[in-house]
Structure formats: structure tokens, C-alpha cells
Amino acid sequence: MKILITGITGFVGSHLAEYILSLKEKHKVFGLCRWRSSRDSLDRVYNKVILKEADLMDLSALIRHCKDVRPDVIFHLAAQSYVLTSFNAPIQTLSTNIIGTANLLEAVRITGIDPIIHICSSSEVYGQVEKKDIPIKEDCPLRPASPYAVSKVGEDMIAFQYWLSYGIKTIRTRMFTHTGPRRGDVFAMSFFAKQIAAGELGLAAPVVRVGNLKSIRTFCDVRDAVRAYWVMVHKCKPGEVYNIGGNRTMTIKEALDALLSFSTKKFKIVVDPKLIRPSDVTLQIPCTDKFKKLTGWKPEIAFEKTLKDILDYWRLELKRSPWKAITVVR
Ligand code: A2R
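Keep in mind it's a predicted model, so treat the numbers as computed, not measured. For every chain, the first residue of its written sequence is number 1, and the numbers climb from 1 along that sequence. Restriction of local features to residues with pLDDT of at least 70 applies here, the model being predicted, together with a cutoff of 80 or more for giving and counting side-chain atom pairs; totals for whole chains, interfaces and linings are based on all residues. As a rule here, side-chain values cover all heavy atoms of the structure and leave hydrogens and water aside.

Moving on, we come to the site of the ligand. Around the ligand sit 20 residues in total, of which Thr9, Ser37, Ser81, Tyr148 and Arg183 are the nearest. Between N or O atoms, a polar contact is any pair within 3.5 Å; within protein, one atom must be a potential hydrogen donor and the other a potential acceptor, and residues adjacent in sequence are included only when both atoms are from side chains. Ser37 places a polar side-chain atom, nitrogen or oxygen, 2.5 Å from an oxygen atom of the ligand. Here an oxygen atom of the ligand and a backbone polar atom of Ala79 are 3.2 Å apart. Method for areas: the Shrake-Rupley scheme with a 1.4 Å probe, in which residue coverage is limited to the protein chains shown. Protein chains shield 87% of the accessible area of the ligand, which is 800 Å² for the free molecule. Amino acids outside the nonpolar list (Ala, Val, Leu, Ile, Met, Phe, Trp, Tyr, Cys, Pro) and the charged list (Asp, Glu, Lys, Arg) are all regarded as polar, and Gly is one of them. Broken down by class, the residue content of the shell around the ligand amounts to ten nonpolar, six polar and four charged. If a single non-hydrogen atom of a residue is within 4 Å of a molecule or strand, that residue counts as near it.

See below:
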């Protein structure tokens, strides 16, 4: 099959490319990236993927690549993916995630190709749910609590509309918290791990800055997540939406404690008001029965391994490139 991954240079995109290229059956993997995109995350597959240059905002480039590649499957992962950043950059977040997705769908429609298109919506669309709605099912009301969440509602809905109106085979997933090595440092576990690694290497004081530690999350490893995306393409139905998530539910504080247990150094925990979202989502526990029943998928990677791998990732990254210890103040 010919697979096109948008956002291949990102956290999930790079893991997905690695997973597909590790399979016994051989597939041709194309990736969309921007001319300024860092290729660092593709270091394990750089000679096996074919990169195509395009910004989601450039419809003509998307049409050209759809015509040229004629993919059987598109994994649409490209996005402004940072929730906290979306409060600082709401317009860019909405443009990239909604208009960018509409551009991709238009490119498919105009070209007349008929791929399965995975649309990467997010658990953030559910926002702050009421206790009675836990665990969260796909029909839970949408109460987006950030520009990012609104953008994902838009992306989710435009994909559904293209299925209804034109029969374009979109399948939407709402992935709950997923993490692992290469996760951007604006996400809690990756940010904590980076600070711990920086403290261990003497690049920063032994302090971990944190936001709201009371939030409850269910964690999934990114490598389980990309396996779910692959299974989805083969077993799920166009026009449908599926929750996907892990099975380890805990507070962010418990997850931080588990991470700290992998370090021999002592760290001071400091709450930083800048890391608290203007409106927060504090309770996210998924019901993933619909997806699991249809596909048989289940998470396999232990949360402890995920945490250890994130920490080892940052230890190596900061040893190689100490300047990465700098954190952008938002
Ligand atoms: O920033 P770059 O140049 O490395 O590319 C990022 C890409 N991207 C875009 N590509 C084309 N046109 C754009 N206007 C554009 N804006 C962003 O999306 C990068 O390759 C990818 C995002 O990577 P991450 O921030 O690491 O996101 P992650 O965690 O891989 O998320 C994958 C999907 C997204 O739809 C999230 O909203 C969802 O999972 O949670």
C-alpha cells in the first residue's frame, strides 16, 4: 500500500512511520513536511521514507502531492498540537487544524482519489466532563475548553461532513493522553522528564516546575497508539469515530512521583502559575470499548517502561545537545 503521513516529522508521525516500516508486509511511506521542519525525529527511518514538501495552508501543494502519490491511506496527523500554546496562538491553531484539514480534504476531493483518511481528533474535544459521564464514551457532549480543543472539534466535524456529503472515507479517532520518547516538552510528562534529566546533568537546578498536579489522566504509550492507528485502518468503518486510550489512570502527581522514582537525585517541586491553563480539563478517563471490540487492540506497554524511556530519551538528548535544556516561557 501507499501510505501518506501528514505531520511525519512530529512525535506521533515519526513513531507511526517507524512502526509501518517495521512490519513484515512492505509499504511505501510518504510524508508531508514543511521546508523548515526539523528531520531529527526521522533519524531511524530517514532513508526509507519519501518526503514531500507542503504546508497544510497551501491547497495547490496538497493537490499536487495527492495527484502524484495517489495514496491508499492518509494518516492526517499534522496540527498545531499544543493545548497551552493554543491560548497564545488561537488563530494559528484554528487555521492549521480546521482550514488545514479542509485543504487536505479538498485536495482529495478535487483529485478524485479514494483513500482511507485517518483524522486525528482528540479527547480534548470532550473538555471538562461531568462525573456522570465517566468513563467518556463517543457520544459524550463536546465542551471544548481551549482553542486547541475547538480546533479539533472543527477538524472532527469537517471530516465527518466530507464523509456525509462526498463519501470521502474519513475515520476519526479521539486519542486520550499518550506519551513516550520524543514527546514535545510542553506536555507534562515530557516536560517533567526533561527537567529531571537537566537537573541530573547539572544543566539546571534540581527543580521540577509543574502545573495542575491534581488532574486525572489515563495514559497510553505512543507506540501502542500508533499500533491502534494501523489496526484502525484495516478494521474500522469510514464515517465513524472511536475513542482510543490506555489503561493506567492516575493523577499527574502520581505520574510525576513514578517518574521521579527513576532518578537518584532529589528534586524540589514548584508550582508555576504560567503552566496552569486558563480553563483546565481535569478529568479524562476513556471508554474505549467500541474500538477494542471491533479491532481486538489493547495497550501492551507498561506505564513504567514509558516513563523510563521518556527519561532516557531526555538524558541522551541533553547530553548530545545541552542547549535543549532551555524552555520557552509562554
Ligand atoms: O512543525 P513541523 O514543521 O515539524 O511540522 C509539524 C506538523 N505541522 C504542519 N505540517 C504542515 N503544515 C502546517 N501548517 C503544519 N503545522 C504543524 O504537524 C509536525 O510534523 C506535526 C505536529 O507534530 P507534534 O506537534 O509533535 O504533534 P503530535 O504529538 O505528533 O500530534 C499528532 C496528532 C495531532 O493531530 C495532534 O493534534 C493529535 O495527534 O493529538
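Back to the write-up after that little detour.
With that settled, consider the sheet that holds strand S9 (residues 216-221). The rule for pairing is simple: two strands pair if DSSP sees at least two bridges between them. Segments assigned H or I by DSSP are reported as helices when at least four residues long, segments assigned E as strands when at least two residues long, and all are numbered from the N terminus. The mixed open sheet is built from three strands, whose spatial order is S7-S9-S11. At either margin of the open sheet sits one strand with a lone partner, and together these are strand S7 (178-179) and strand S11 (248-251). Alignment of S7 against S9, held across two bridges, turns out to be parallel. Pairing of His178 across the sheet is with Cys220, part of S9.

A cis amide bond links Ile134 to the next residue, Pro135, at an omega of -5°. Despite not being glycine, Arg70 shows a phi value in the positive range, around 45°. Relative to the elements of secondary structure, Arg70 occurs in the loop between helix H2 (59-69) and strand S4 (73-76). In this structure Arg70 comes out as partly exposed when scored by relative accessible area, which is 43%. Accessible area is worked out with a 1.4 Å probe on protein chains only. A residue is then buried under 20% of its type maximum, exposed over 50%, and partly exposed in between.

Below, the discussion takes up the domain arrangement of the protein chain. Domain delimitation in this document rests on an assignment produced automatically or drawn from a domain database. The domain architecture assigned to the protein chain consists of domain 1 (2-178 + 220-244) and domain 2 (181-218 + 247-284 + 301-325). Placing a centre on the C-alpha atoms of domain 1 and another on those of domain 2 gives a separation of 25 Å. What makes two residues a contact is simply this: any of their non-hydrogen atoms within 4.5 Å. Counting residues at the interface gives 28 residues for domain 1, matched by 24 residues for domain 2. Summed over both partners, the interface of domain 1 with domain 2 comes to about 2,400 Å²; 52% of that surface belongs to carbon and sulfur atoms. The quantity reported as buried area is the accessible area (1.4 Å probe) lost by two parts once they are put together, taken as the sum for both.

By convention a nonpolar core is built from buried Ala, Val, Leu, Ile, Met, Phe, Trp, Tyr and Cys residues, the set being connected through side-chain atoms within 4.5 Å. One finds Ile5, Ile20, Phe75, Leu77, Tyr229 and Phe291 to be the most contacted residues of the largest nonpolar core, which totals 34 residues. Counting residues per element, the ones that place at least two in this core are strand S1 (2-6), helix H1 (11-22), S4, strand S5 (116-122), strand S6 (169-175), helix H7 (222-235) and strand S10 (241-244). The element that contributes the greatest number of residues to this core is H7, accounting for eight residues.

Here we come to the pattern of salt bridges. When a carboxyl oxygen of Asp or Glu lies within 4 Å of a side-chain nitrogen of Lys or Arg, that pair is called a salt bridge. Considering all chains together, one arrives at 28 salt bridges under this definition. Of the charged contacts in the structure, one is a salt bridge between Lys52 and Asp68, with a shortest N-O distance of 2.6 Å. Of this pair, Lys52 sits in strand S3 (residues 49-53) while Asp68 sits in helix H2, and the two are 16 residues apart along the sequence. When its relative accessible area of 16% is taken as the criterion, Lys52 is described as buried. Judged by relative accessible area, Asp68 falls into the partly exposed class, the value being 48%. A salt bridge links Glu317 to Lys324, with the nearest nitrogen and oxygen atoms 2.6 Å apart. No difference in accessibility class separates Glu317 from Lys324, as the two residues are buried.

Here we take up the packing of aromatic side chains. Within 6.5 Å between ring centres, the rings of Phe, Tyr and Trp (the latter by its six-membered ring) count as paired, and their orientation is classed by plane angle as stacked under 30 degrees, edge-to-face over 60, tilted in between. On inspection of all chains with the given rule, the structure shows eight aromatic pairs. In textbook terms, an aromatic cluster arises when at least three aromatic residues are bridged by ring pairs, as seen for Tyr242, Phe291 and Trp297. Over the face of the ring belonging to Phe187 we find Arg183, whose NZ or CZ atom lies 3.6 Å from the ring centre. A ring is scored as having a charge over it whenever the NZ atom of a lysine or the CZ atom of an arginine sits within 6 Å of its centre and within 35 degrees of its normal. Geometry around Tyr242 places Lys290 over its ring, the cationic atom sitting 4.8 Å from the centre.

With that out of the way, let us pick up the packing of H1 against H7. Put simply, H1 and H7 touch, their axes get as near as 9 Å, and they point 65° apart. Relative to H7, the element H1 lies roughly perpendicular. Every pair of crossing elements has a handedness; the one defined by H1 and H7 is right-handed. Contact residues: H1 offers Phe11, Val12, His15, Leu16, Tyr19 and Ile20, while H7 offers Val222, Arg223, Val226, Arg227, Tyr229 and Trp230. Counted by class, the contact of H1 with H7 contains nine nonpolar, one polar and two charged residues. Interaxial angle, 0 to 180 degrees, is taken between N-to-C directions of lines fitted to C-alpha atoms, where a helix line uses only the stretch in contact. Our angle categories are set so that under 35 degrees counts as roughly parallel, over 145 as roughly antiparallel, 65 to 115 as roughly perpendicular, and the remainder as oblique. By definition, any crossing whose near helix is turned counterclockwise from its far helix by less than a right angle is left-handed, and any crossing with a clockwise turn is right-handed.

So, on to H2. Every buried residue of H2 is listed here: Ala61, Leu62, Ile63, His65, Cys66 and Val69. Looking at the buried side of H2, the elements it contacts are S1, strand S2 (28-33), S3 and helix H4 (90-111). Where H2 terminates, the next one or two residues include Arg70, which has phi positive at roughly 45°.

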